[in-house]
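For reference, the chains in residue letters:
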Amino acid sequence: MSPVRKDGAQLGNEHRPDALSATTATSITRRHVKGRPPRAPIAPASVFGPVGRRRFWWYTYRCRTCGAHLFGRARSLHEVTGERRAGCGHRVQVMAARIYTQPESGAAA
Ligand SMILES: [Zn+2]
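How each quantity is defined
- Residues numbered from 1 in each chain as written.
- Predicted model: local features only at pLDDT ≥ 70, side-chain atom pairs only at ≥ 80, totals over all residues.
- Buried ≥ 20, exposed ≤ 12 C-beta atoms within 10 Å, placed from the backbone.
- Helix = DSSP H or I, 4+ residues; strand = E, 2+ residues; numbered from the N terminus.
- Pairing = 2+ DSSP bridges.
- Core = buried A, V, L, I, M, F, W, Y, C linked by C-beta atoms within 7 Å.
- Contact = placed C-beta atoms within 7 Å.

**Considerations on the pairing of strand β1 (residues 42–48)**
The two faces of β1 differ: Ala 43, Ala 45 and Val 47 on one face are buried, but Ile 42, Pro 44, Ser 46 and Phe 48 on the other face are not. Sheet topology note: the β1/strand β5 (residues 91–100) ladder contains seven bridges and is parallel. Within β5, the residue paired with Val 47 across the bridge is Ile 99. Relative to strand β2 (residues 57–62), β1 is paired through four bridges, and the arrangement is antiparallel. Bridge pairing in β2 places Val 47 opposite Tyr 59.

Structure, rendered in structure tokens:
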């Protein structure tokens, strides 16, 4: 019984090749449209790791759109990078270009 059902399902699929291809074409087109929105310009940032009692990562970067120098803070290095709205109102994609980590206490040679 089940083999017969399988054959029937296959036949059903073969009868709708047009519908399947149409769906695929639509999704591909949508993907292209989705890739269109302008990405925020990358803003290389200088990142300063936590030191002493401070647990936050501080970073500075420059807005590529208006040139403003901005300052930010994150809980982890991972949170530093990524797209966000800068203080000047422009969208930026912060990228940790330089990372200044502080030496561990007692590790100074
Ligand atoms: Zn700006």
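**Focus: the nonpolar core**
Grouped together as the largest cluster of nonpolar side chains are 10 residues: Ala 43, Ala 45, Val 47, Trp 57, Tyr 59, Tyr 61, Val 80, Ala 86, Val 92 and Val 94. Excluding residues within four positions of it along the chain, Tyr 59 makes contact with Ala 45, Ser 46, Val 47, Phe 48, Gly 72, Ala 74, Val 80 and Val 94.

Distances and angles like these do not, on their own, reveal function.
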